[in-house]
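Listed below are the residues making up each chain.
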Amino acid sequence: MKTLLIRALLVIAGSSLLLFVPLVRDLHFESAMLAGIVGCLGAGVFLSRKKRGSDLLTTLRWLGWMYIAALPLGVYGWIAGCLSMDGAAFWVLTPLPSVFFGSAVGRCVREFRWPYPVVITLGILLSVGIGGLLLEFLTLPQVYFFNHVWGTWPGPIYDETVRVTSSYLFFRWLTLVWIILLWVIPEWSTSTQTKALTAIALVSLCLSYLNLDEMGIITPRERLKTVLSAHGPAGNVTLYADPNAFSEQEQKYWSAKHAFYFDQIIRQLEIDNSNAFDIESYLYAHAWQKKTLVGAKFTSYVPIWLEQDQLHMEKQALPAVLKHELVHAVSKQFGNALFHGSGSMGMIEGIAEGIAKDASPQSTLHQIIAAEKPFPSARDMRAAFSFAGFYSGASAISYTTAGSFVEFLMSEYPVSTLKEAYRSGDIEQAYERSFEQLVEEWHMVLERTPIDSTDRAVSEFVFAQRSLFQKSCPHAVSESWELWDEAQFHATEKDTAKTFQSLEALLRLEPDNELVKREFVRTALQLGRTKEGLEVFSSSDTLLTLSILKADALFLHGSESEAIVLLDSLAPLIAARSSRNFKYSLDLRADSATWTHHLNRRYKNQLPLLDAFQGINNPNQMLDLSKALELEQDSLFVAYTAEIKNLALDWFDLSIAVIDRLVFLEQFEQAQQWIDLLSPQPLRLRYRERLNEQQEWLRFVMNHSSFFK
């Protein structure tokens, strides 16, 4: 008894060291995976050498040690508030089957009296644990994996929730069947019962393995192509898009955008397109569908290690990530032989960010870095360009920093040198100068970069981000967060009624959360349930947008005089705000007719005919234009654009979207007129970059009309 106590204390002391390791210091899938690996290999080796005694009891003892080792993690999780049902479920579904699987393999090797039982057992388990992963990793587009040794890898985990899924339950059923088969097969012929059990296990495995894709265990490309319909090809890219989420016109638009960005990228990287590219782009309805099919939720990705070039993105992320992801696909042409990429993570993401420049719509990459002093040192940049260093920081910081540095390299040195540095992963050798020298030159560029208060605000936001490794409870999910995620899902599906139900449940949990109130009221007004929307307001509400929303709700409810009184009381607060969100709030509600027009557009999707459009004020005209763009009412949209003669920089983002759409609709003259309206204005550097890209988009579409036939 004393010996067991000492062993238990030693195990607890050893596992306590994990409390200093991010991600594995609480009870969740990462620590469960580690326990599964240790328990599986340990139990397998032990039973392969075991001479006598109960194999079942020995396995249970190994399992007991795994759960004793979990005690410090559980205590930490309880104190830190990290404990969750999913975390506990992973600790049941991962170590328990994995330990029994290892025992079954070791016992089977021992019973068959094979030579070198430890070597053979380890060989089998490592083949399953590593070989199985490599087989799927190198042949399938998915980024989630299941394994009998270590359980599951759910996919990219950039601050995403990790849940136990029905697919994992099914996979662990497969592990159980393998355990039964391996346990009984050495004596399968000794009795009718063992023969029957062996036969049942074999049949179950055969039937189960025939349905791996339907059960979400694997996702072959063929499976994706049955869910996402083909559109194209357009140039070098074939689109596979969810037909329920992408209209024919949307698919045509995104085909053209793929072709446009591809053309930009190969010219910037000086790549000869005579060698035909064959890129498949998978466009999902939303992040939740992408998570189900390939394991990545809010993370778009390009599996550059696969032979077939492919992109995986959800509809909502497309405008922000398409060019970035296409750079990854094109960069395969000069990547290394091992996985078509670079040995430097900073170089992989830096080249994509440096070309796409999509870190901010307001500030350039250089401005974001220049606004945050002191600049990253050579030591910091060495870390940022390594695998561990890149992922130890928040993604926004790592991507932006690497992007700025690579943009500097592209502008100051030949592109051929950058491609060599990308292939080799050795920047110093490629550029024939020390890394410190290159960083110093980059700093000189940053010093010359003009910045203002907007750049400082953007930079402060970016550098305030925290990485997954810096969070005490990276996977802890509250009920409120779950309801918010559910509401976002229904909103993306355009199911306003279910969005309302989720927000209603969330509001019951957090009745004083003004941001939740705001979304609840907006949804209520969209449904025409103004009375329910008004009931949530209280005298303690301080959020200005919520107060303006209350005035809108009162107006829609028929209490016009009360709405006007409230709006008048808010006028001084609105006037004191510089944000564009408030700048036009009073103009949009200048009188009853104007207010009615604004609310009909916002909550009823009603747009005026051209004659009525001509008689309203500029803020309402711009928002009508935005709504016509959103609803794809192209004829009305084109007619509206012809009436706009002056553009304020407050509407720059909308103006870029308008130009983009006019080009796609082949309204080239009007698109150029809008570009000419913006060009003479004192644009920010990032605004100038974006406007120049629209000019390139115009030229591209005028010269490639075949994409639109």
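Just so you know, these numbers come straight off a predicted model, no measurement behind them.

### Section: the overall build of the protein
Argument step 1. Helix and strand content of the protein: 36 helices and six strands.
Argument step 2. Its C-alpha atoms give the protein a radius of gyration of 30 Å, within 12% of the compact-globule value 27 Å for 709 residues.
Argument step 3. If one aligns the C-alpha atoms of the protein with their principal axes, the spans along those axes are about 95 × 65 × 50 Å.
Argument step 4. A total of 709 residues make up the protein; the buried ones form 51% of that total.
Argument step 5. Counted over contacts in the protein with a minimum sequence separation of 6, partners at least 24 positions apart contribute 71%.
Argument step 6. Summing over all exposed atoms, the protein offers an accessible surface of approximately 32700 Å²; the carbon and sulfur share of this is 57%.
Argument step 7. Side chains of the protein carry 62 positive and 77 negative charges; the gap between the two charge centres is 7 Å.

### Remarks on the pattern of salt bridges
When their charged atoms lie close together, side chains carrying opposite charge are able to pair.
Argument step 1. Inspection of every chain in the model, using the stated rule, returns 36 salt bridges.
Argument step 2. When the shortest N-O distance is used, the salt bridge between Arg 522 and Glu 519 registers 3.3 Å. Here Arg 522 pairs with Glu 519, and both are found in helix H25 (residues 514–526), just three residues apart, close to one helical turn.
Argument step 3. By relative accessible area, which is 30% here, Arg 522 ends up partly exposed.
Argument step 4. Each of Lys 50, Asp 55, Arg 107, Arg 110, Glu 111 and Glu 187 takes part in a single network of salt bridges with overlapping partners.

### Side note on unusual backbone geometry
Of all residues except glycine, most have a negative phi; of all peptide bonds, most are trans.
Argument step 1. A cis amide bond, omega 0°, links Lys 373 with the succeeding residue Pro 374.
Argument step 2. Along the chain, Pro 374 falls in the loop between helix H15 (365–370) and helix H16 (378–384).
Argument step 3. In the Ramachandran plot, Tyr 116 falls in the positive-phi region, its phi being about 50° despite a non-glycine side chain.
Argument step 4. Take Tyr 116: it is sitting in the loop between helix H6 (95–111) and helix H7 (117–137).
Argument step 5. Residue Asn 605 is not a glycine yet carries a positive backbone phi of 55°.
Argument step 6. Along the chain, Asn 605 turns up in the loop between helix H30 (592–604) and helix H31 (610–614).
Argument step 7. For Asn 605, a relative accessible area of 38% corresponds to the partly exposed category.

### Digging into the packing of helix H1 (residues 2–16) against helix H4 (residues 71–80)
Argument step 1. With their axes 8 Å apart at the nearest point, H1 and H4 run at an angle of 50° to one another. Overall, the two elements H1 and H4 adopt an arrangement that is oblique. Taken together, the residues of H4 that come into contact with H1 (itself represented by Ile 12, Ser 15 and Ser 16) are Leu 71, Pro 72 and Leu 73.
Argument step 2. The residue inventory of the contact of H1 with H4, partitioned by class, reads four nonpolar, two polar and no charged.

### What about the confidence of the model for the protein?
Caution applies to low-pLDDT parts of the model: their predicted coordinates are not meant to be read in detail.
Argument step 1. Overall, the prediction assigns the protein a mean pLDDT of 90, with 95% of residues at 70 or greater.
Argument step 2. Highest mean pLDDT in the protein belongs to strand S1 (residues 145–147) (97); lowest belongs to helix H17 (residues 387–392) (71).

### Examining helix H35 (residues 668–678)
Argument step 1. Every buried residue of H35 is listed here: Gln 670, Ala 671, Trp 674, Ile 675 and Leu 678. Angular distribution of buried residues about the axis of H35 spans 145°; they occupy a single face of the element.
Argument step 2. On its buried face, H35 is in contact with helix H32 (618–630), helix H33 (634–643), helix H34 (652–664) and helix H36 (685–703).

### Quick notes on the pairing of strand S6 (residues 309–314)
Argument step 1. A large share of S6 lies buried, amounting to six of its six residues.
Argument step 2. Side chains Asp 309, Leu 311 and Met 313 of S6 all project onto a buried face; the interleaved residues Gln 310, His 312 and Glu 314 project onto the opposite face, where all are buried too.
Argument step 3. Two elements, strand S5 (residues 279–284) and S6, share six bridges in a ladder whose sense is parallel. What sits directly across from Tyr 284, in S6, is Glu 314.
Argument step 4. Between the parallel elements S5 and S6, the chain passes through helix H12 (residues 287–294) in a crossover that is right-handed.

### Remarks on the environment of Ile 427
Argument step 1. Position of Ile 427 among the secondary structure elements: in helix H20 (residues 427–431).
Argument step 2. Ile 427 gets classed as buried once you look at its relative accessible area, which sits at 7%.
Argument step 3. For the pair Ile 427 and Met 347, spaced 80 residues apart in the sequence, the C-alpha separation amounts to 9.0 Å.
Argument step 4. Not counting residues within four places of it along the chain, the set of residues in contact with Ile 427 comprises Met 347, Phe 385, Phe 405, Ala 421, Phe 435 and Leu 438.

### Things to note about the pairing of S5
Note on strand geometry: in a regular strand, side chains alternate between the two faces of the sheet.
Argument step 1. A large share of S5 lies buried, amounting to six of its six residues.
Argument step 2. Side-chain alternation along S5 places Ile 279, Ser 281 and Leu 283 on one buried face and Glu 280, Tyr 282 and Tyr 284 on a second face that is also buried.
Argument step 3. Examined bridge by bridge, strand S4 (residues 237–241) and S5 share five bridges and lie parallel to one another. In the sheet register, Tyr 240 faces S5, and the bridge partner there is Tyr 282.

### Topic: helix H14 (residues 345–356)
One turn of an α-helix holds 3.6 residues; hence residues three or four places apart share an orientation.
Argument step 1. In a regular helix each residue adds 1.5 Å, so 12 residues correspond to 16 Å; H14 covers 17 Å between its end C-alpha atoms and thus fits that length.
Argument step 2. Counting buried positions over the 12 residues of H14 gives 12, a clear majority of the element.
Argument step 3. Among the residues trailing H14, Lys 357 stands out with phi positive, at a value near 55°.

### Quick word on the packing of aromatic side chains
Argument step 1. Counted by the stated rule, this structure contains 33 aromatic pairs.
Argument step 2. Both rings, one in Phe 260 and one in Phe 700, keep their centres 5.5 Å apart while their planes meet at 55°; by these two values the pair is tilted. One end of the pair, Phe 260, is in helix H11 (residues 248–268); the other, Phe 700, is in helix H36, with 440 residues separating them in the sequence. Each of the two residues, Phe 260 as well as Phe 700, counts as buried.

### Observations regarding the side chain of Arg 661
Argument step 1. Secondary-structure assignment places Arg 661 in helix H34.
Argument step 2. The class for Arg 661 is buried, based on a relative accessible area of 9%.
Argument step 3. Here the side chain of Arg 661 touches Gln 249 through a polar contact of 3.2 Å, side chain to side chain.
Argument step 4. Ignoring anything within four residues of it in the chain, the contact list for Arg 661 reads Gln 249, Leu 629, Glu 632, Asp 634 and Phe 637.

### Observations concerning the side chain of Thr 152
Argument step 1. Here Thr 152 is to be found in strand S2 (residues 151–153).
Argument step 2. For Thr 152, the side chain forms a polar contact with the main-chain oxygen of Phe 145, separated by 3.2 Å.

### Details of the nonpolar core
Argument step 1. Core analysis: the largest hydrophobic core is formed by 102 residues, its most contacted members being Leu 269 and Phe 405.
Argument step 2. A total of nine residues in this core trace back to one element, the largest contributor, which is H11.
Argument step 3. In this view, Leu 269 contacts Val 330, Ser 331, Phe 334, Ile 351, Ile 355, Met 410, Val 415 and Lys 419; residues no more than four positions away in its chain are not counted.
Argument step 4. Counting 42 residues, the second-largest nonpolar core is a separate cluster that includes Cys 108, Tyr 168, Phe 171 and Ala 201.

Reading guide: rules and limits
- Residues numbered from 1 in each chain as written.
- Predicted model: local features only at pLDDT ≥ 70, side-chain atom pairs only at ≥ 80, totals over all residues.
- Heavy atoms only, no water.
- Helix = DSSP H or I, 4+ residues; strand = E, 2+ residues; numbered from the N terminus.
- Rg over C-alpha atoms; globule rule 2.2 N^0.38 Å.
- Buried < 20%, exposed > 50% of the residue type's maximum accessible area, 1.4 Å probe, protein only.
- Contact = heavy atoms within 4.5 Å.
- Areas by Shrake-Rupley, 256 points an atom, 1.4 Å probe, with all protein chains shown as cover.
- Lys, Arg positive; Asp, Glu negative; His and termini not counted.
- Charge placed at Lys NZ, Arg CZ, Asp CG, Glu CD.
- Salt bridge = Lys/Arg side-chain N within 4 Å of Asp/Glu carboxyl O.
- Axes fitted to C-alpha atoms, helices over the stretch in contact; angles between N-to-C directions.
- Parallel < 35°, antiparallel > 145°, perpendicular 65-115°, else oblique.
- Nonpolar A, V, L, I, M, F, W, Y, C, P; charged D, E, K, R; others polar.
- pLDDT = per-residue confidence, 0-100.
- Arc of directions from axis to C-beta.
- Pairing = 2+ DSSP bridges.
- Right-handed = clockwise from strand over helix to strand, strands pointing away.
- Expected span 1.5 Å × (residues − 1).
- Phe/Tyr/Trp six-rings, centres within 6.5 Å; stacked < 30°, edge-to-face > 60°.
- Polar contact = N/O pair within 3.5 Å; in protein donor to acceptor, adjacent residues only side chain to side chain.
- Core = buried A, V, L, I, M, F, W, Y, C linked by side-chain atoms within 4.5 Å.

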